[in-house]
Amino acid sequence: MNMGNSDQKSLSKLRDRIDAIDDQILDLLNRRAGVAQEIGHAKAGQGLDYYNPGRELAVFERLIGRNTGPFPSEAVRRVFREIISASLSLEEPMKVAFFGPSATFTHQAAQKQFGFSAQLVAQKSIPAVFEEVRRGRADYGVVPVENTTEGIVSHTLDMFIESDLKINAEILLEISHDLLSLTGKMDDIDKVLSHPQALAQCRHWLEENLPDVPLVDASSTAMAARLASEDSSIAAIASEIAASLYGLRIVKPNIQDSTNNLTRFLVVGRNPTARTGHDKTSVMFIVADEPGILYRMLKPFSKRDINLSKIESRPIKTKAWEYVFFLDLEGHVEDASVSEALKELQGCCRSLKVLGSYPRCR
């Protein structure tokens, strides 16, 4: 269909308006970056961390709250995530260690939190992430801690028993598992590889659709995708990003058993995070094995109406039948009620450590 002269002139004028708006956006981005640099210098003079997850969350929520469209609110968050990430990198690229090779879900969580301007560095294990941050070779680390389907990631909790790192933020990521292979054909699959958590999250689908195909554990979903890229008889359960990275075809998308499949990740750093008013606190403690101890350890929070969002126990490896408890509660350690509750809890503990207070993901 040919456009008339009047239509072409109208389109040209609209494009001119777009160009003018783009110029304004660019000017504003540079003005914003200049102010961000001033904030960075001011923080450096006061010995404060340049990265402030609570402030970032407040920026996203304020902008999304005042967005009237038609630009999508989720796109607002993604755009400003990259604006903030680029601004932070003006001084020096932030180095973030994460568990797993590229294209894992932890990698995606790190990108979601820190943006593409951060230097994201893969580590082979969760302890390696903690070590990179502890030694100052990375500013922050990102590790998985729990999944709505399969529960807790025990290796992450175990690291906090000996580590002095603090939790600075939490990330919630919706997990979508795709079945991938070189050919994209179900009939070519002789075995399915993935991380044990991913296999478990797709258990029922695999039983119904590939009941006779062996399931093989891999160190990560990305590693499974890499191996599948080398053998047409192997299928991998991994992300769509892994398919693109390793040249695989999607045999079947979204094969996870639960549609509400979320994984929670933690950002760990060397310093505590400031209070925002919408915080969560994580603590770990060891209590004596005596009658009524469970009631006594929960009472300080109940009588102050402090909501406990999670309680988990792990065996102490050096002592048979003794356990360390991990507790997530609403509020910041600087809140009077939280501080008083923890002080009372400490009275019935052999030891207690605050793992961090950080912005609650909403």
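Predicted, not measured: the structure shown is a model, and the values here were computed from it. (Residues numbered from 1 in each chain as written. Predicted model: local features only at pLDDT ≥ 70, side-chain atom pairs only at ≥ 80, totals over all residues. Heavy atoms only, no water.)

**Topic: the nonpolar core**
To be explicit about the condition: Nonpolar core, defined: a set of buried Ala, Val, Leu, Ile, Met, Phe, Trp, Tyr and Cys residues in which side-chain atoms within 4.5 Å join the residues together. Exposure is judged per residue with a 1.4 Å probe applied to protein chains only, and the accessible area is read against the type maximum: over 50% gives exposed, under 20% gives buried, and values in between give partly exposed. Runs of E in the DSSP output that reach at least two residues are strands. Runs of H or I that reach at least four are helices, and both are numbered from the N terminus. By definition in these notes, contact holds between two residues if any of their heavy atoms fall within 4.5 Å.
Judged by nonpolar contacts, the single largest core of 24 residues is most densely connected at Phe 130, Phe 160 and Phe 326. Of all the secondary structure elements, the ones that give two or more residues to this core are strand S1 (95-99), helix H5 (126-134), strand S3 (140-147), helix H6 (154-162), strand S11 (262-269), strand S12 (279-287), strand S14 (323-330) and strand S15 (349-359). Dropping the residues within four chain positions of it, Phe 326 is found in contact with Leu 157, Phe 160, Ile 161, Val 283, Met 284, Lys 310, Ile 311, Glu 312, Arg 314 and Leu 355. Residues Tyr 51, Ile 84, Tyr 140 and Phe 265 belong to the second largest nonpolar core, which totals 23 residues.

**As for the pattern of salt bridges**
Just so we agree on the cut-off: Within this document, salt bridges are pairs made up of a side-chain nitrogen of Lys or Arg and a carboxyl oxygen of Asp or Glu, the two lying within 4 Å of each other.
Inspection of every chain in the model, using the stated rule, returns 18 salt bridges. Residues Lys 310 and Glu 146 are paired through a salt bridge, measuring 3.1 Å at the closest nitrogen-oxygen approach. Of the two residues, Lys 310 sits in strand S13 (residues 308-315) while Glu 146 sits in strand S3, which places them 164 residues apart along the sequence. Given a relative accessible area of 21%, Lys 310 falls into the partly exposed group. Among the residues examined, Glu 146 registers a relative accessible area of 18% and is labelled buried. In this structure, the salt-bridge partner of Glu 344 is Lys 303, at a minimum N-O distance of 3.1 Å.

**Thoughts on the sheet that holds strand S6 (residues 178-181)**
To keep it simple, the criterion reads: For two strands to be treated as a pair, DSSP must find at least two bridges joining them. Axis definition: a line fit to C-alpha positions, over the contact stretch in the case of helices; interaxial angles, taken between N-to-C directions, run 0 to 180 degrees.
Taking strand neighbours across the sheet as the criterion, the five strands line up as S8-S7-S9-S6-S10 in an open arrangement whose pairing is mixed. What marks the edges here is a single partner per strand, and that holds for strand S8 (215-217) and strand S10 (249-252). On average, each strand axis in the sheet is tilted by 35° relative to the strand beside it, whichever way the strands run. Taken together, the three bridges between S6 and strand S9 (residues 234-238) define a ladder with antiparallel strand orientation. By the bridge assignment, Leu 179 is partnered in S9 with Ile 237. Packed on one face of the sheet, helix H9 (residues 221-228) meets strand S7 (191-194) and S9 and runs near 155° to S9.

**Section: the environment of Met 223**
Within the element layout of this structure, Met 223 appears in helix H9. The exposure class of Met 223 is partly exposed, given its relative accessible area of 25%. For the pair formed by Met 223 and Ser 102, sequence separation is 121 residues and the distance between their alpha carbons is 9.2 Å.

**Focus: the layout of surface pockets**
The probe, sized like a water molecule, is rolled over the atoms to show the empty space still left. Selection rule: Think of a 1 Å grid over the protein atoms and nothing else: a 1.4 Å probe that fits but is trapped marks a cavity, an open set flanked by protein within 12 Å on at least five of seven lines marks a pocket, and residues with an atom within 4 Å of a point count as lining. Grid points are joined across faces, edges and corners, and a volume is the space filled by probe spheres set on the points. For this scheme, ten residues count as nonpolar: Ala, Val, Leu, Ile, Met, Phe, Trp, Tyr, Cys and Pro. Four count as charged, namely Asp, Glu, Lys and Arg, and the remainder, Gly too, count as polar.
The space that makes up the largest pocket amounts to roughly 530 Å³. Taken together, 15 residues form the lining of the largest pocket, with Ile 25, Leu 29, Val 79, Phe 80 and Ile 83 sitting closest to its centre. Sorting the residues of the lining of the largest pocket by element identifies helix H1 (5-46), helix H2 (53-66) and helix H3 (73-88) as the ones contributing at least two each. For the lining of the largest pocket, the leading source of residues is H1, giving five residues. Counted by class, the lining of the largest pocket contains 11 nonpolar, one polar and three charged residues.

**Quick notes on the packing of aromatic side chains**
Quick note on the threshold: The criterion for an aromatic pair is that two Phe, Tyr or Trp rings (for Trp, the six-membered ring) have centres within 6.5 Å, with stacked assigned to planes under 30 degrees apart, edge-to-face to planes over 60 apart and tilted to the rest.
Evaluation of the coordinates by the stated rule reveals five aromatic pairs. On the numbers, 5.0 Å between centres and 40° between planes, the contact of Tyr 51 with Phe 114 is tilted. Here Tyr 51 is found in the loop between H1 and H2, whereas its partner Phe 114 is found in helix H4 (residues 105-114), with 63 residues between them in sequence. For the pair Tyr 51 and Tyr 140, a centre-to-centre distance of 4.9 Å together with 65° between the ring planes defines the contact as edge-to-face.

**What about the sheet that holds S15?**
On the basis of which strands lie adjacent, the open sheet formed by four strands has the order S13-S14-S12-S15 and antiparallel pairing. At either end of the open sheet lies a strand with only one pairing partner, and these are S13 and S15. On average, each strand axis in the sheet is inclined to that of its neighbour by 15°, with strand direction left out of account. Two strands pair when backbone bridges link them, and S12 and S15 are joined in this way by nine bridges, in the antiparallel orientation. The residue of S15 that forms the bridge with Val 287 is Cys 349. Packed on one face of the sheet, helix H11 (residues 293-302) meets S12, S13 and S14 and runs near 150° to S13.

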